[in-house]
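Each chain, letter by letter, is given below.
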Amino acid sequence: MAGTEYPIELDALAVSYPVHGGQVDVLRGISLKVGRGQIVGFLGPNGAGKTTTIHVLLGFVEPAAGSARLFGEDVRRTIARQRIGYLPEHPQTYGFLTGRELLRTAGRLFGMRGPSLENRVKELLGTVDLESAADRRISTYSRGMMQRIGVAQALINDPDLVILDEPTGGLDPLGRMQIRAIIGDLRTRGKTVFFSSHELSEVERVCDSVVMLVGGRIAAAGPVSELVQPSESLESYFLRVVERGLAS
Amino acid sequence: MIRILTIAGVVWREMLRRRDFYVLLILLGALLFSLMSINVFGLGSTMRYMVDTGLLLAWIFSAVLAVTLSARQLPAEEQRGTIFALLAKPVTRWQLLAGKALGAWSAVSAATAAFYALLLAVLALKGWSVDLTVTLQALVLHVTALAMAVSLALAVSTRTTFGAAASLTWLALAAGFVFVPQIPALLVYSDRVSGAAMLVLYYALPHFELFDLRQCVVHDWPALPANILFPVLCYGLLVTAIFMLLAWLGYRGRHFKRGDVL
């Protein structure tokens, strides 16, 4: 059983939000399976439903229809979140904690403690290059440092699936390179990464496959090499798919 | 349990690093020393007056800490967006609420114990003392009332902003201390309908006044017997449990939005 389940499995997932007495359909029956060890880019224009999909996966939003599973577990069950790490869009955190305290707190929420937690905290502070700022309050961190400590807290439990919502948004080239390096490291360790992004060049560089969401439906999905012709870029393909999706 | 304790630990750090507690402790000390040294109408040399004023300030300051700390917890998580990273971990909403409540209550209780200790220290400087058993009972009932206030503020804040939750909790506290104890006297002058409405209010609103033993400490009255103390403590725990249940009902289906200012 443990070897056959998919890290992410969506089946005819639909989500509606009540707006001014009516309903807005945000997701219209999307089905998706993400296999182990894949690096998947989750793309779509603003309002396509990317963050809503991620929120369903994390149990924040109740689907109107369909189902969502993580490693075979219904996302509504707390245990489904034991093997995942999540970096929210524009990560904000407790400014009154230091970076080290934040990672310890995150680890304890996964039931970690003792020397194994301390070693993991130290290792991650090194990975995200924040050792020298580990005992400074997070309120004094720059935007890039905040993003990096956010990535570190998402990786504290050595997750098998990492969900990143706009991980490179607002970062300078150096910050982007560091995030790329972290994703590369996750790939070599066989982890699954699912990340939404508007940075198509980043997606093209690091992803094995992409899923494009337009108007709450999957408009294209598959390996980048199969979807995009050698003569065109991912960006031009994306624009074509979005135009086609919006027209239909 | 480790998850609840971890969340409670974050609330403790927040209280200690926001410095509200230190400010109130220093303010209490400054007010007590000022009263002693200025000695208006000789009141500074009257022990009962000093104890009464000190305990009143401890009640006010602990209520300020309890309401602001607990009413802020959930709306601030949502406003900062930290709720997403928190609930993406294997933490249930009930564990989140329990951790917030435990953290806020234990931190405010420790602060209240520090206020009492400061008052006793100031009295000792004058060579005065109070009955320690009665004072300990007063502290125990005081922190039980704080548990009610913390759980009420958390329950209200599951569906409102920090400002609204704090205001409504202050209103309930004021009603519990001032209005509710007067209801039996008002019943004498009421017709049947308004009398029935007041009776409903009397039993529905929390009775914070039951937990106020200041006069026992001030006038050196004997300690409360167990057959009075125990039911009052049970009442406090029951009211706290009801507010926590309401908090969970309000929070379990809550839909979060990014950067939502509640």
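As a reminder, the structure under discussion sits directly above these lines.
So, here's what we can say about the structure. This structure is a prediction, so every number in the text was calculated from the model and none was measured.

Observations concerning the overall build of chain B
Within chain B, the regular secondary structure consists of eleven helices and zero strands. Reading chain B from its N end, one meets helices and strands in the order α-α-α-α-α-α-α-α-α-α-α. Computed over C-alpha atoms, the radius of gyration of chain B comes to 20 Å, within 12% of the 18 Å expected from 2.2 N^0.38 for 262 residues, which places it in the range of a compact globule. When each of the 262 residues of chain B is scored for burial, the buried share is 50%. Within chain B, contacts between residues separated by at least 24 positions form 82% of all contacts whose residues are at least 6 apart in sequence. Counting every atom, chain B has about 11900 Å² of accessible surface; 71% of that belongs to carbon and sulfur. Computing the positive centroid from 19 side-chain charges and the negative centroid from 11, chain B places the two 13 Å apart.

Let's talk about the interface of chain A and chain B
With 31 residues of chain A in contact, the opposing surface of chain B contributes 23 residues. Summed over both sides, the interface of chain A with chain B buries roughly 2700 Å², with 63% coming from carbon and sulfur. Note that Glu101(A) and Arg17(B) form a salt bridge whose closest N and O atoms lie 2.6 Å from each other. Joining chain A to chain B, the criterion identifies nine residue pairs in polar contact (both at pLDDT 80 or more). Counting only elements with at least two residues in the side of chain A that touches chain B, the list comes to α1 (50-57), β6 (84-87) and α2 (99-109) of chain A. No other element matches α2(A), which puts five residues into the side of chain A that touches chain B. Among the residues making up the side of chain A that touches chain B, the classes are represented as 14 nonpolar, eleven polar and six charged.

Examining the sheet that holds β6(A)
Residues and elements named next belong to chain A. In spatial order, the strands read β6-β7-β8-β3-β9-β10; together these six strands make up an open sheet with mixed pairing. Edge strands, defined here as strands with exactly one partner in the open sheet, are β6 and β10 (217-223). Pairwise comparison of adjacent strand axes, ignoring direction, gives a mean angle of 15° for this sheet. Note that β6 and strand β7 (residues 161-165) share four bridges and pair parallel. Bridging from a neighbouring strand, Ile84 pairs with Leu161 of β7.

Focus: the pairing of strand β9 (residues 209-214) of chain A
Residues and elements named next belong to chain A. β9 sits mainly inside the fold: six of its six residues count as buried. Neither face of β9 is open: one carries Ser209, Val211 and Leu213, the other Val210, Met212 and Val214, and all of them are buried. Relative to β9, strand β3 (residues 39-43) runs parallel, the two being bridged by four bridges. Within the sheet, the bridge partner assigned to Gly41 lies in β9 and is Val210. The sheet contact formed by β9 and β10 spans six bridges and is antiparallel. Bridging from a neighbouring strand, Leu213 pairs with Ile218 of β10. Turn length for the β9-β10 hairpin, with the two strands adjacent in sequence and antiparallel, is two residues, and the turn residue Gly215 shows positive phi of about 60°.

Let's talk about a nonpolar patch on the surface
Residues and elements named next belong to chain B. Together, Trp94, Leu238, Ile242, Leu245, Leu246, Trp248 and Leu249 make up a nonpolar patch on the protein surface, roughly 650 Å² of accessible area in all. Top element by residues in the nonpolar patch is helix α11 (residues 226-251). It accounts for six residues. Residue Leu245 is classed as partly exposed on the basis of its relative accessible area, which comes to 47%.

Calculation notes
Residues numbered from 1 in each chain as written. Chains lettered and ligands numbered in written order. Predicted model: local features only at pLDDT ≥ 70, side-chain atom pairs only at ≥ 80, totals over all residues. Heavy atoms only, no water. Helix = DSSP H or I, 4+ residues; strand = E, 2+ residues; numbered from the N terminus. Rg over C-alpha atoms; globule rule 2.2 N^0.38 Å. Buried < 20%, exposed > 50% of the residue type's maximum accessible area, 1.4 Å probe, protein only. Contact = heavy atoms within 4.5 Å. Areas by Shrake-Rupley, 256 points an atom, 1.4 Å probe, with all protein chains shown as cover. Lys, Arg positive; Asp, Glu negative; His and termini not counted. Charge placed at Lys NZ, Arg CZ, Asp CG, Glu CD. Buried area = accessible area lost by both parts, 1.4 Å probe. Salt bridge = Lys/Arg side-chain N within 4 Å of Asp/Glu carboxyl O. Polar contact = N/O pair within 3.5 Å; in protein donor to acceptor, adjacent residues only side chain to side chain. Nonpolar A, V, L, I, M, F, W, Y, C, P; charged D, E, K, R; others polar. Pairing = 2+ DSSP bridges. Axes fitted to C-alpha atoms, helices over the stretch in contact; angles between N-to-C directions. Patch = residues over 30% accessible without salt bridge, like charges linked within 9 Å, V, L, I, M, F, W, Y side chains within 5 Å.

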